[in-house]
Amino acid sequence: MTDILISEFMDEAAVADLEKDFSVTFDATLVDDRDRLLASGDAVRGLILRNRTRVDRELLARFPELTAVGRLGVGLDNIDLEACRESGIAVLPATGGNTVSVAEYVLTGVLMLRRGAYLSTSRVLAGEWPRQALMGHETQGAILGLVGFGGIARDLARRAQCLGMAVMAFDPFVAEDDAAWQTVERVDRLETLLSAADAVSLHVPLTAGTRHLIDAEALGAMKQGSLLINTARGGIVDEAALAGSLRQGHLGGAMLDVFEDEPLTEGSVLAGVEGLIATPHIAGVTHESNERISWITVDNVRQALGGSV
């Protein structure tokens, strides 16, 4: 009988610690075998997952004893929160565990894309010497625009300011008198931020209101030659519109870690687009953050299920 089921990868030392108090099944292949996952839930009280395991009403019906869902990360769009609330199931994100990793990822993207030279290896090794074409721009003095101003965005703002960047943010859900606004420029309209920023980084959840928030109109409002970085959720960006903007040369570049459909397929509208850096949903995943997130989740689930801490 399994108390806790883990359907995606996590730090194995954290798993071993959890096994001191509970019967644990750790099988990172379950995320790719929905039928086997659903068949595993009879006695499970705790489920630990990342962003690919779907927790919906179908799953909850097959996990009748479930009382806690531990999320190895912070995004919750793969979890039916209303259904969990109705069933009295605690949803426990690993808040703060991947903040540093995401912030460093975004800054890496800004530095790479602003300078423009770091993707030239194949050309240089082939005998080209395009020095003038690859001069690029410094990051110091550039404006970083943050769409969403939660914990990760705030940490990113501090780090960007250390590089000499000016930071502005748009987030209508953060109170105007919040002390966090003392460190950045607060803007009231998304369009104001898009038209002023040299690099825009997205930090909002995927909801009905944010799906395709960055569409053709929003991309057109962005400054000529500016950058877009998305580490939030893929559906926030209209990928076809982004591909068009990059091909037309309006945007100077983009870095995407998340996509509307993951993994990408050969026929993706983004295939062959120049000026795009694509990574496989790993902005928040480093060896260090995986360890932090795993231990936060172990503590969260252990407390929820009544084990010792």
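Up top you'll find the structure we're talking about.
The rules we used
Residues numbered from 1 in each chain as written. Predicted model: local features only at pLDDT ≥ 70, side-chain atom pairs only at ≥ 80, totals over all residues. Heavy atoms only, no water. Helix = DSSP H or I, 4+ residues; strand = E, 2+ residues; numbered from the N terminus. Buried < 20%, exposed > 50% of the residue type's maximum accessible area, 1.4 Å probe, protein only. Contact = heavy atoms within 4.5 Å. Salt bridge = Lys/Arg side-chain N within 4 Å of Asp/Glu carboxyl O. Patch = residues over 30% accessible without salt bridge, like charges linked within 9 Å, V, L, I, M, F, W, Y side chains within 5 Å. Areas by Shrake-Rupley, 256 points an atom, 1.4 Å probe, with all protein chains shown as cover. 1 Å grid on protein atoms, 1.4 Å probe; cavity = no way out; pocket = protein on both sides within 12 Å on 5 of 7 lines; lining within 4 Å. Points joined across faces, edges and corners; volume = space filled by probe spheres on them. Nonpolar A, V, L, I, M, F, W, Y, C, P; charged D, E, K, R; others polar. Expected span 1.5 Å × (residues − 1). Phe/Tyr/Trp six-rings, centres within 6.5 Å; stacked < 30°, edge-to-face > 60°. Core = buried A, V, L, I, M, F, W, Y, C linked by side-chain atoms within 4.5 Å. Pairing = 2+ DSSP bridges. Axes fitted to C-alpha atoms, helices over the stretch in contact; angles between N-to-C directions.

## Thoughts on the environment of M222
Take M222: it is sitting in the loop between α9 (216-221) and β10 (227-230). On the accessibility criterion, M222 (2% relative accessible area) is buried. Expressed as a C-alpha distance, the spacing of M222 and T192, which sit 30 residues apart in the sequence, is 9.2 Å. What M222 contacts, discounting residues up to four positions off in sequence, is L194, V200, L227, L228, H250 and L251.

## Focus on the pattern of salt bridges
Using the criterion set out here, one finds 20 salt bridges in the structure. Here R302 ties to D21 by a salt bridge, and the two come within 2.7 Å at their closest N and O atoms. Here D21 lies in the loop between α1 (12-18) and β2 (24-26) and R302 lies in helix α11 (residues 287-305), a separation of 281 residues in the sequence. Residue classification places D21 among the partly exposed positions, given a relative accessible area of 33%.

## Section: the side chain of T139
Counting through the fold element by element, T139 comes out in the loop between α6 (121-125) and β6 (143-147). In contact with T139, not counting residues within four places along its chain, are V110, L111, R114 and M165.

## Points about a nonpolar patch on the surface
On the surface, a nonpolar cluster with roughly 220 Å² of combined accessible area is contributed by F9, I282 and V285. With respect to the helices, strands and loops of the structure, F9 is situated in the loop between β1 (4-6) and α1. F9 sits in the partly exposed class, given a relative accessible area of 40%.

## Description of the layout of surface pockets
Taken as a whole, the second largest pocket spans an internal volume of roughly 520 Å³. Along the wall of the second largest pocket there are 28 residues; nearest its centre are L113, G116, L134, G252 and G275. Elements represented by at least two residues in the lining of the second largest pocket include exactly α5 (99-115) and β12 (276-278). No other element matches α5, which puts four residues into the lining of the second largest pocket. Across the lining of the second largest pocket, the residue classes tally to twelve nonpolar, ten polar and six charged.

## Some remarks on α11
In an α-helix, one turn spans 3.6 residues, which is why side chains three or four residues apart end up on the same side. Its 19 residues give α11 an end-to-end C-alpha distance of 27 Å, which sits within 8% of 27 Å, the value for a rise of 1.5 Å per residue. Here the buried face of α11 lies against β1, α1, β3 (46-49), β4 (68-71), β5 (90-93) and α5.

## Considering the packing of aromatic side chains
Counting across every chain of the model gives one aromatic pair. Note on F149 and W181: the rings are 4.9 Å apart at their centroids and 20 degrees apart in plane angle, and the pair reads as stacked. Note that F149 is positioned in the loop between β6 and α7 (151-162) and W181 in the loop between β7 (166-170) and β8 (185-186), a separation of 32 residues in sequence. W181 matches F149 in its accessibility class, with the two residues each being buried.

## Thoughts on the nonpolar core
Counting residues in each nonpolar core, the largest one holds 31 residues, and the members touching the most others are V200, L228 and L242. Those elements that provide at least two residues to this core are β7, α8 (190-196), β9 (199-202), α9, α10 (239-248) and β11 (253-256). Top element by residues in this core is α10. It accounts for four residues. Ignoring any residue separated from it by four or fewer positions in sequence, one finds V200 in contact with G145, V147, L193, L194, M222, L227, L228 and I229. Residues V106, A142, L156 and M165 belong to the second largest nonpolar core, which totals 29 residues.

## Remarks on unusual backbone geometry
The residue after E262, namely P263, is reached through a cis peptide bond having omega -5 degrees. Position of P263 relative to the elements: it lies in the loop between β11 and β12. Of note, the phi angle at H212 is positive, near 55 degrees, even though the residue is not glycine. Relative to the assigned elements, H212 resides in the loop between β9 and α9. The partly exposed category is assigned to H212, whose relative accessible area is 29%. One non-glycine residue, H281, adopts positive backbone phi at about 55 degrees.

## A look at the sheet that holds β6
For sheets, the rule is that strands pair by backbone hydrogen bonds, running either parallel or antiparallel. Read across the open sheet, the seven strands follow the order β8-β7-β6-β9-β10-β11-β12; overall the sheet is parallel. Strands at the two margins of the open sheet, each flanked by one partner only, are β8 and β12. Of the strand pairs in this sheet, β10 and β11 are connected by four bridges, and their pairing is parallel. The residue of β11 that forms the bridge with L228 is A254. The strands touched by α7 are β6, β7 and β9; relative to β6, the strand with the most contacts, the crossing angle is about 175 degrees. Across the sheet, α10 is in contact with β10, β11 and β12; its angle to β11 comes to roughly 145 degrees.

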